[in-house]
Every structure is written in structure tokens, then in C-alpha cells.
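Examining the three-dimensional arrangement
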Amino acid sequence: MRMADARTTRTATAAADPELACPISPVVDIVFSRWTTPILWSLHTYGRQRFVELERRIAKITPKVLTQRLRQLERDGLVVRTYHPEVPPRVEYEISELGRSLAPLFAHLAEWATAHLDEVEQARETYDADPV
């Protein structure tokens, strides 16, 4: 397939599928799902942890959801799971190098939040006060 044909096909596909129109869509799906950010933040901040430690630090997450998210993060290469064949068995989770590479993104988002969340809250209050 020629380069121009590939571009035309990609453009036509993006027009048919809105998710393909935004090149960061897959990243948003991976990184910003409901529990991913707190898990990655906890592993980045506190280092290697066992399941129960993560569960305590992320108080509102259920064990089932924590298990699902950890498996997905491991599959995506953002978390490393280490099994220690002891009695009783011990499993630890830590953020991978790939996961650590997201730190500047999270730092930038934290800066944005500090600078702009008050504006967002004000916009919400203004919007909610409008009876239309």
C-alpha cells in the first residue's frame, strides 16, 4: 500500500470511528481508568507492596476490582508482579520502568490541578446556578 493510500485509509477509518480520531485515546483508556491512577501513584510513592497494603492505601477499592486492575496493569506492562514461593506464598507488586515513565505526565497534571481546579469548581457552580 502506498503512503498516500495508507493516510487516506487511516483518515477514513478515523472519521468512521471517533476513538481513532484522537491519537491519545488508547493512553487515556490505559492510564485514566477509575482505579489505575491511585494504584500507580501508590506504587510509585511507596514502592513495592503486597496486595493487602495496596488495599489499605486505596481504601474504597474492593478486592475484586483491585485484582482486576492489577492484572490489567501487569498485562499493559505498567506493574510487575513478583511471586515468592514461600509458605504462605507471598506476592508483591511494583511499578515498572514503563509505569515510572508516566511520572512526568502525572506531575504535569498535578500542577494543572493546583492551578485550575478552583476555576473548574467556579464554572460548575455557575453552570449549576443557571436554571436553563
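Residues numbered from 1 in each chain as written. Predicted model: local features only at pLDDT ≥ 70, side-chain atom pairs only at ≥ 80, totals over all residues. Heavy atoms only, no water.

As a further point, take a nonpolar patch on the surface. A cluster of nonpolar side chains, Ile24, Val27, Val28, Phe32, Leu105 and Leu109, forms an exposed patch at the surface whose accessible area comes to about 450 Å². For the nonpolar patch, the secondary structure elements donating two or more residues are α3 (25-31) and α8 (103-129). Inspection of the secondary structure assignment puts valine 28 in helix α3. With relative accessibility at 35%, the residue valine 28 sits in the partly exposed group. (Patch = residues over 30% accessible without salt bridge, like charges linked within 9 Å, V, L, I, M, F, W, Y side chains within 5 Å. Areas by Shrake-Rupley, 256 points an atom, 1.4 Å probe, with all protein chains shown as cover. Salt bridge = Lys/Arg side-chain N within 4 Å of Asp/Glu carboxyl O. Helix = DSSP H or I, 4+ residues; strand = E, 2+ residues; numbered from the N terminus. Buried < 20%, exposed > 50% of the residue type's maximum accessible area, 1.4 Å probe, protein only.)

To continue, consider the packing of helix α4 (residues 36-46) against helix α6 (residues 63-75). It is the contact of α4 with α6, at a shortest axis distance of 10 Å, that shows an interaxial angle of 70°. It follows that α4 is roughly perpendicular to α6 by the angle criterion. Residues Thr36, Ile39 and Leu40 of α4 touch α6, and the partners they reach there are Leu66, Arg69, Leu70 and Leu73. (Axes fitted to C-alpha atoms, helices over the stretch in contact; angles between N-to-C directions. Parallel < 35°, antiparallel > 145°, perpendicular 65-115°, else oblique. Contact = heavy atoms within 4.5 Å.)

Our focus in this paragraph is the packing of aromatic side chains. Inspection of every chain in the model, using the stated rule, returns two aromatic pairs. Centroid distance phenylalanine 32 to phenylalanine 106: 6.2 Å. Interplanar angle 90°. Geometry classified as edge-to-face. Placement of phenylalanine 32 in the loop between α3 and α4 and of phenylalanine 106 in helix α8 is noted, with a sequence separation of 74 residues between them. When its relative accessible area of 21% is taken as the criterion, phenylalanine 106 is described as partly exposed. With a centroid separation of 5.9 Å and an interplanar angle of 85°, the aromatic rings of tryptophan 41 and tyrosine 46 are classed as edge-to-face. On the basis of relative accessible area, tyrosine 46 is assigned to the partly exposed category, the value being 44%. Its guanidinium or amino end placed over the ring of tryptophan 35, arginine 34 lies 4.0 Å from that ring's centre, counting from NZ or CZ. Over the face of the ring belonging to tyrosine 46 we find arginine 57, whose NZ or CZ atom lies 3.8 Å from the ring centre. (Phe/Tyr/Trp six-rings, centres within 6.5 Å; stacked < 30°, edge-to-face > 60°. Lys NZ or Arg CZ within 6 Å of the ring centre and 35° of its normal.)

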